[in-house]
Amino acid sequence: MAESHHGAFGSDAFGKRAERAARFFGTPQYIIGQTIMVILWVALNSIAIVQHWDPYPFILLNLAFSTQAAYAAPLILLAQTRQAERDKLADDRAEKRHAEMERLAAERVAAIKAETDRLVALLDSNTELTRQDKELTEQVAALTREIHKTVLAREG
């Protein structure tokens, strides 16, 4: 299912690029690369071999960091907002799945109870039939004895 994240920050393509940039800001490669760049910047502007385009206190370097921070902060916020939207959608889907599973479980319990009730009814019916069979067998035995007595009495 394709999800669309349009909002105050613009199109989905912009949002995806912003997320990639925000994720990159937190990588070791970025931090190491930025550290190397700062070391080179300070070193080249501190030694007299090359022209000093940004002498101490490195105002241009500070301006570059401020500009980077001004762009990075909204990109990171955008990435967090988009992730929160995805998390909410995932939570909603999980909640629907959970509700569906509960409904199916309740249906299974109801079906099992119905089958159990049917089995209990069949057992009760079987018990009643067994009782009736016993009574009829006893009546047949009594009648057989009575017939036998009557036949023996007429013969004798």
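One can find the structure itself at the top, above this paragraph.
Read on for an overview of the structure. (Residues numbered from 1 in each chain as written. Predicted model: local features only at pLDDT ≥ 70, side-chain atom pairs only at ≥ 80, totals over all residues. Heavy atoms only, no water.)

Let us look at the pattern of salt bridges. For the structure shown, the criterion picks out 13 salt bridges. One salt bridge connects Arg 118 with Glu 115, and the closest N-O pair in it is separated by 3.0 Å. Of the two residues, Arg 118 and Glu 115 are both situated in helix 3 (residues 59-155); the distance of three residues between them amounts to about one turn of the helix. Note that Lys 134 and Glu 138 form a salt bridge whose closest N and O atoms lie 3.8 Å from each other. Of the two residues, Lys 134 and Glu 138 both sit in helix 3, four residues apart, roughly one turn of that helix. (Salt bridge = Lys/Arg side-chain N within 4 Å of Asp/Glu carboxyl O. Helix = DSSP H or I, 4+ residues; strand = E, 2+ residues; numbered from the N terminus.)

Before going further, it helps to spend a moment on helix 2 (residues 28-46). Its 19 residues give helix 2 an end-to-end C-alpha distance of 27 Å, which sits within 8% of 27 Å, the value for a rise of 1.5 Å per residue. Those residues of helix 2 lying buried are Tyr 30, Trp 41 and Asn 45. Seen along its axis, helix 2 keeps its buried residues to an arc of 15°; they face one direction. Opposite its buried face, helix 2 presents the exposed residues Pro 28, Gln 29, Ile 32 and Ile 39, each directed more than 90 degrees away. (Expected span 1.5 Å × (residues − 1). Buried < 20%, exposed > 50% of the residue type's maximum accessible area, 1.4 Å probe, protein only. Arc of directions from axis to C-beta.)

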